[in-house]
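Coordinate inspection notes
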Amino acid sequence: MKSFWRFIFRKNLPSTSLCQMDFAVLGLGDSSYAKFNFVAKKLHRRLLQLGGAALLPVCLGDDQHELGPDAAIDPWLHNLWEKVLRLHPVPLDLGVIPPGVPLPSKFTLQFLQEAPRMCSAEQHEATTDTLGPPSELQPFLARMVTNQRVTGPSHFQDVRLIEFDITSSGLSFVAGDVVLIQPENTASHVQHFCRVVGLDPDHYFTLWPREPDVPCPERLPRPCSVRHLVSQYLDIASVPRRSFFELLACLSPHELEREKLLEFSSAAGQEALYEYCNRPRRTTLEVLCDFPHTAAAIPPDYLLDLISPIRPRAFSIASSLLARPGRLQILMAVVQYQTRLKEPRRGLCSSWLASLDPGQGDPCSLEHRCRAGPGPSSSQVSSRHPPLTIGPVRVPLWVRPGGLTFPQTPDTPVIMVGPGTGVAPFRAAIQERVAQGQKRNLLFFGCRRRNQDFYWEAEWTELEKRGCLTLVTAFSREQEQKVYVQHRLRELGPLVWELLDHQGACFYLAGNAKYMPADVSEALTSIFQEEGGLSAPDAAAYLAQLQRALRFQTETWA
């Protein structure tokens, strides 16, 4: 993809390069982010510049829409197929798969008569350090050192400071990097799912692709148990998409259930699907419980087509190796909220991590270790992981570069705005910069109340005393009129302008993507106008210039 992107934007390509090509671009995005569907828009424009003929306007699917991306995709696809079939009619001798007939499954599950002699973890022993740093296919099983709630007992949200021991992992990171954690389903949900679909969790199977060019999922061992498949691969706690209902309807032998599933998978039934599934955040497991006859009849071969894999979750790293060698910390809000359903909705990864108690230890089963991925034979002893015994709680993780890069020049001032858990990457940056002797750190931190969710208050206070940090706080609920970080920015407008325009400061922003980034950007443009005497267009251009020079960077999440 990178090679294609570099090629298509070569400046020496003639404007007639694609004059004989028809094209259509469909983008998937989230309108809560500033650069909503940026890639799709840019690609569409570039193909037009090179002489291509657009069959349709670019389609911009939006996850924030009540009906999801399908609200834009459905009518667009209908129009696309009309145009494509007019240009290229289906040959008369080619049959069309009728509605309600599923395509063959991608894989077949060949069940074994008995459990294999050599357990799956032995066949997939962790690799040694010589095979490179940990990755998604070869995560490091890090020991959880602490799991501490850092919000007050009466605070509405449970926020955890979690520390991992990454000694001898080969992991290396700098401020701004993120750690990815691979979660798993709860044991009770795994048992419930197996009962609903009629599978024995202790049965083993070997996965085989139907087509020779289709690889098997590398995260699944061979052979694999049903328990491992469900606990560590199938995302049964996710909210299913429309395609789930479409395939489930094809597999259903029950007339009434099939009729309802067909309604949910139709274009006309999207509002009903939204009310049933998306609005209350009903999970895949709960849907299967609502369609028991269909769930019990699902052929095991279709499980991987029906249910998407569990995706790793990314967290900003909240510590520096210069301050805490061999340790990695995250600041994590536990996701839990209520909908009209009886059971609270819980985030898979945050709830799983919050449930782990490093003081109790973990019965680390052999199969649990399969998450380490493929590696050398069972005769080799891994230097990356401890012996397979009942021991400490371990979490599979790896590191990748994040969206924030901090200046290496010692005299560059840094302005950081991090309300709530958005302060996490800035704690890593401040630790790193202080260890390097860089003291020009200005942090704007916002939360609700000083005594409930003021993360790292003692640490910030000590750094202020040492002259390593200037801290500006905004406690939104401690006065009648709510005060947020953007208000504090405006109050210190002269200082912000002086640092940015005269001293070459870099500005960083992290936190929730809903309102805060736009409010902070608006506060900055106001400062540019009031303190710098710029017009509104010039202030917007100044902010854009800072972005291009990487002196204004953001890391936000929905």
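Summary of the structure given here. Along each chain, numbering runs from 1 in the same order as the chain's sequence is written. Only residues with pLDDT of at least 70 get local features here, since the model is predicted, and only at 80 or more are side-chain atom pairs given and counted; chain-wide, interface and lining totals rely on the full set of residues. Side-chain figures throughout are based on the complete set of non-hydrogen atoms in the structure, without hydrogens or water.

A closer look at the pairing of strand E17 (residues 441-447)
Exposed residues in this analysis have more than 50% of their type's maximum accessible area, buried residues have under 20%, and partly exposed residues fall in between, with area computed by a 1.4 Å probe over protein chains only. Under the DSSP-based scheme used, a helix requires at least four consecutive residues in state H or I and a strand at least two consecutive residues in state E, with every element numbered from the N terminus. With respect to burial, E17 is a largely interior element, seven of its seven residues being buried. Side chains Asn441, Leu443, Phe445 and Cys447 of E17 all project onto a buried face; the interleaved residues Leu442, Phe444 and Gly446 project onto the opposite face, where all are buried too. Viewed with both strands pointing away, a crossover whose connecting path from the first strand over the helix to the second turns clockwise is right-handed. With respect to chirality, the unit in which strand E16 (residues 414-417) leads through helix H14 (residues 424-435) into the neighbouring parallel E17 is right-handed. The pairing criterion for strands is at least two bridges between them, as found by DSSP. Of the strand pairs in this sheet, E17 and strand E18 (residues 470-475) are connected by six bridges, and their pairing is parallel. Residue Phe445 lies in a different strand from E18, and its bridge partner there is Thr473.

Remarks on unusual backbone geometry
For the peptide bond that leads from Arg222 to Pro223, omega is -5°, which places it in the cis range. With respect to the helices and strands, Pro223 occurs in the loop between strand E9 (204-209) and strand E10 (224-225). Residues other than glycine seldom take positive phi values, yet Ser168 does so here, at roughly 65°. Among the secondary structure elements, Ser168 is positioned in the loop between strand E7 (159-165) and strand E8 (178-181). The phi angle at Leu550 is positive, at roughly 60°, despite the residue not being glycine. Here Leu550 lies in the loop between helix H20 (536-548) and strand E20 (552-557). With a relative accessible area of 52%, Leu550 lands in the exposed category.

Some remarks on the pattern of salt bridges
Throughout this description, the term salt bridge denotes a Lys or Arg side-chain nitrogen within 4 Å of a carboxyl oxygen of Asp or Glu. This structure, assessed with the given rule, holds 19 salt bridges. Of the charged contacts, one joins Glu263 and Lys260 as a salt bridge, the two residues approaching to 3.1 Å between their closest N and O atoms. Of the two residues, Glu263 and Lys260 are both situated in helix H8 (residues 255-265); the distance of three residues between them amounts to about one turn of the helix. The exposure class assigned to Glu263 is partly exposed, which follows from its relative accessible area of 32%. Arg346 serves as the salt-bridge partner of Glu343, at 3.8 Å between the closest nitrogen and oxygen. Owing to a relative accessible area of 45%, Arg346 belongs among the partly exposed residues under this scheme.

Concerning the environment of Leu161
Note that Leu161 resides in strand E7. In sequence terms Leu161 and Ala333 are 172 residues apart; their C-alpha atoms lie 9.0 Å from each other. In contact with Leu161, not counting residues within four places along its chain, are Thr146, Asn147, Gln148, Val150, Gln329, Ile330 and Trp456. We call two residues in contact whenever any of their non-hydrogen atoms come within 4.5 Å of each other.

Structural notes on the nonpolar core
To define a nonpolar core, start from buried Ala, Val, Leu, Ile, Met, Phe, Trp, Tyr and Cys residues and group those joined through side-chain atoms within 4.5 Å. The biggest cluster of nonpolar side chains holds 41 residues, and the ones touching the most others in it are Phe193, Leu229, Leu234, Phe245 and Leu288. The biggest single contributor to this core is helix H7 (residues 242-251), with six residues. Ignoring anything within four residues of it in the chain, the contact list for Leu288 reads Phe193, Val196, Val197, Phe244, Leu248, Ala295 and Ile298. Membership of the second largest hydrophobic core comes to 31 residues, among which are Val159, Met416, Ile430 and Tyr455.

Regarding the sheet that holds E17
The parallel open sheet is built from five strands, whose spatial order is E18-E17-E16-E19-E20. Single-partner strands in this sheet number two, and they are E18 and E20. Across the sheet, the mean angle separating the axes of adjacent strands is 10° when strand polarity is ignored. Relative to E20, strand E19 (residues 506-512) runs parallel, the two being bridged by six bridges. If you follow Phe507 over to E20, its bridge partner there is Phe552. The strands touched by H14 are E16, E17, E19 and E20; relative to E16, the strand with the most contacts, the crossing angle is about 155°. Note on method: axes are straight lines fitted to C-alpha atoms, helices fitted across the in-contact stretch only, with angles between N-to-C directions ranging 0 to 180 degrees.

Observations regarding the side chain of Arg160
Position of Arg160 among the secondary structure elements: in strand E7. For Arg160, the side chain forms a polar contact with the side chain of Asn147, separated by 3.0 Å. Reaching out from Arg160, the side chain makes a polar contact with the backbone oxygen of Ala354 at a distance of 3.3 Å. Polar contact is the term for a pair of N or O atoms within 3.5 Å; when the atoms are in protein, one must be able to donate a hydrogen and the other to accept it, and sequence-neighboring residues count only if both atoms are side-chain atoms.

Describing the packing of H14 against helix H16 (residues 457-465)
Taken N-terminus to C-terminus, the directions of H14 and H16 make an angle of 35°; their axes are 12 Å apart at the nearest point. Seen from above, H14 lies across H16 with left-handed handedness. Side by side, H14 and H16 meet where Arg427, Ile430, Gln431 and Val434 of the first sit next to Glu459, Trp460 and Leu463 of the second. Three residue categories are used. Nonpolar comprises Ala, Val, Leu, Ile, Met, Phe, Trp, Tyr, Cys and Pro, charged comprises Asp, Glu, Lys and Arg, and polar comprises the others, including Gly. Here the residues of the contact of H14 with H16 sort into four nonpolar, one polar and two charged. With the far helix as reference, a near helix turned anticlockwise by less than a right angle produces a left-handed crossing, and one turned clockwise produces a right-handed crossing.

Here's the deal with the side chain of Asp177
With respect to the helices and strands, the residue Asp177 is situated in the loop between E7 and E8. His residues and chain termini do not enter the charge count, which takes Lys and Arg as positive and Asp and Glu as negative. There is no salt bridge for the buried Asp177, and the closest opposite charge comes from Arg400, which lies 8.7 Å off by N-O distance. Only 3.0 Å separates the side chain of Asp177 from the backbone nitrogen of Val174, close enough to count as a polar contact. Side-chain polar atoms of Asp177 contact the backbone nitrogen of Gly402, separated by 3.5 Å. Every residue in contact with Asp177, bar those within four places of it in the chain, is listed here: Ser316, Ile317, Val399, Arg400, Pro401 and Gly402.

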